[in-house]
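# Geometric and topological summary
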Amino acid sequence: MKIDKIVFATGNEGKMREIRMIMEDLGPELLSMKQAGVDVDIVEDGETFEENAMIKASAIAQALREDGVQAVVLADDSGLEVDYLNKEPGVYSARYMGEDTSYTVKNANLIQRLEGVPDEERTARFVCVIAAVFPDGRKFATRAAIEGRIGYEERGQNGFGYDPIFYLPEYGKYSAELDPEEKNRISHRGKALEEMKKVLRQESL
Ligand code: IMP
């Protein structure tokens, strides 16, 4: 089946830039939800990253089908898992302490909850799942993670969200201290997108 369009289920321009950089040599035209003219209210009520990514991709695929558009729909879901906190905030990363609470407050709260916890028990990871829904209903998902530790203070000016408290022992830097190209190359989202690219190639895109 020849597909000439991929729609990525996000309203986030930063994510769109990243997916363009990684997927541009694949062939099909890459469109954001807005460019594809779909606007659907999606309730992300899954309990896993896979469920939430699939909920988003399926909802957009349904809307496109109703408009008669043939496209592969991709969606992502991601978050931070802190081992000492039983993998919190996990799928609730964006909603942790409330969607409108600043990350300065969220980050300070996580550091405070880990007060007195030694380095080796501060392990954490960013996880990303990319889901794909084909026009004929086939579904795929890829997952990737980047391992690190929760630091003791915020550091770095780049990135977003929990990047300033996420220390990468392998690189001797906080995630917010990486430049964007470097982060794309090693990040959970970059790696999950690369895996999805392989799946799309295998499925003859
Ligand atoms: P999503 O857009 O629903 O996947 O939200 C994921 C949430 O997880 C974000 O709002 C951030 O709080 C957190 N998160 C995911 N990836 C990253 C990252 O690369 N850096 C910092 N925080 C992240």
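Here is what the cut-offs are and how they apply
Residues numbered from 1 in each chain as written. Predicted model: local features only at pLDDT ≥ 70, side-chain atom pairs only at ≥ 80, totals over all residues. Heavy atoms only, no water. Helix = DSSP H or I, 4+ residues; strand = E, 2+ residues; numbered from the N terminus. Rg over C-alpha atoms; globule rule 2.2 N^0.38 Å. Buried < 20%, exposed > 50% of the residue type's maximum accessible area, 1.4 Å probe, protein only. Pairing = 2+ DSSP bridges. Near = heavy atom within 4 Å. Polar contact = N/O pair within 3.5 Å; in protein donor to acceptor, adjacent residues only side chain to side chain. Nonpolar A, V, L, I, M, F, W, Y, C, P; charged D, E, K, R; others polar.

### Quick notes on the overall build of the chain
Counting its regular elements, the chain contains five helices and eight strands. Along the chain, helices (α) and strands (β) appear in the sequence β-α-β-α-β-β-α-β-β-β-β-α-α when read from the amino end. In terms of overall size, the chain behaves like a compact globule, its C-alpha atoms giving a radius of gyration of 18 Å where 205 residues would be expected to give roughly 17 Å. Expressed along its principal axes, the backbone C-alpha trace of the chain runs to roughly 55 × 30 × 25 Å. Going through the 205 residues of the chain one by one, you find that 48% of them count as buried.

### Comments concerning the pairing of strand β5 (residues 123-133)
On any regular strand, side chains alternate: one points to one face of the sheet, the next to the other face. Counted residue by residue, β5 has 10 buried out of 11 residues, so it is predominantly covered. As paired elements, strand β3 (residues 72-82) and β5 share 10 bridges and run antiparallel to each other. Note on β5: the bridge partner recorded for Asp76 is Ile130. Both β5 and strand β6 (residues 139-150) contribute to a ladder of 11 bridges, which runs antiparallel. Across the sheet, Ala132 pairs through a bridge with Phe140, a residue of β6. In textbook terms, the turn of a hairpin is the stretch between consecutive antiparallel strands, and for β5 and β6 this stretch comprises five residues, one of which, Gly137, has a positive phi near 95 degrees.

### So, the site of the ligand
Lys15, Ser78, Tyr103, Asp163 and Lys183 are the nearest of the 16 residues found near the ligand. In the environment of the ligand, an oxygen atom lies 3.4 Å from a nitrogen or oxygen atom belonging to the side chain of Asp77. Taking Ser78, its side chain carries an N or O atom lying 2.8 Å from an oxygen atom of the ligand. Listing elements by their share of the shell around the ligand, those giving two or more residues are β3 and α5 (188-202). A per-element tally of the shell around the ligand places β3 first, with three residues. Along the lines of polarity and charge, the residues of the shell around the ligand split into five nonpolar, five polar and six charged.

### Focus on unusual backbone geometry
For the bond from Glu88 to Pro89, the omega torsion is -10 degrees, close enough to zero to count as cis. The phi dihedral of Asn86 falls on the positive side, at around 50 degrees, and the residue is not glycine. Topologically, Asn86 is positioned in the loop between β3 and β4 (88-89). Of note in this structure, Lys87 is not a glycine but carries a positive phi near 70 degrees. Mapping Lys87 onto the fold places it in the loop between β3 and β4.

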